[in-house]
Amino acid sequence: MIREEIQKRIVEAIREEKTIPDGDLNPESPLADVGIDSLDALNLLFVIEEAFQISIPDSSARSIKTLRDMVNVVEQLLEEKGHSITETPASEISADRHYGAG
């Protein structure tokens, strides 16, 4: 899987969880600056883990401050697993599953 595909899937997941104007979400923007607080970030990590069939270690999760950081972590974990991306669209995954609301 190429980096651009990973970023596209992550952006889709973010947009499913938060309403963020197109121009506000770029690779270098701090997630907090675009309205993603710590709870939102945790929910997004659950969604991303499920979408990519990976488990993000706590140490890696704590290092994620920007979209680029998120892409880097996912890319690294996929490379370590030697897997390509799964075909589960982000739109079919919701953080609500983790809290029994969906």
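Remember, it's a predicted structure, so these values are computed and weren't measured experimentally.

J.: Report on the overall build of the protein, specifying residues and quantitative values.
T.: Within the protein, the secondary structure is distributed over 4 helices and 0 strands. Taken over 102 residues, the protein has a buried fraction of 37%. In the protein, 68% of the contacts between residues at least 6 apart in sequence involve partners at least 24 apart. When the accessible area of the protein is evaluated, it comes to approximately 5,900 Å², of which 46% is carbon and sulfur surface.

J.: So what's going on with the nonpolar core? Residues and values would help.
T.: In summary, soluble globular proteins display a tendency toward joint burial of nonpolar side chains. Counting 27 residues, the largest nonpolar core has I10, I14, I48, F52, I56 and V74 as its most contacted members. Going through the elements one at a time, α1 (3–17), α2 (38–52) and α4 (67–81) are the ones with two or more residues in this core. With 7 residues, α4 is the largest single contributor of residues to this core. Discounting chain neighbours no more than four positions away, the residues touching I48 are I10, A13, I54, I56, M70 and V74.

Cut-offs and rules
- Residues numbered from 1 in each chain as written.
- Predicted model: local features only at pLDDT ≥ 70, side-chain atom pairs only at ≥ 80, totals over all residues.
- Heavy atoms only, no water.
- Helix = DSSP H or I, 4+ residues; strand = E, 2+ residues; numbered from the N terminus.
- Buried < 20%, exposed > 50% of the residue type's maximum accessible area, 1.4 Å probe, protein only.
- Contact = heavy atoms within 4.5 Å.
- Areas by Shrake-Rupley, 256 points an atom, 1.4 Å probe, with all protein chains shown as cover.
- Core = buried A, V, L, I, M, F, W, Y, C linked by side-chain atoms within 4.5 Å.

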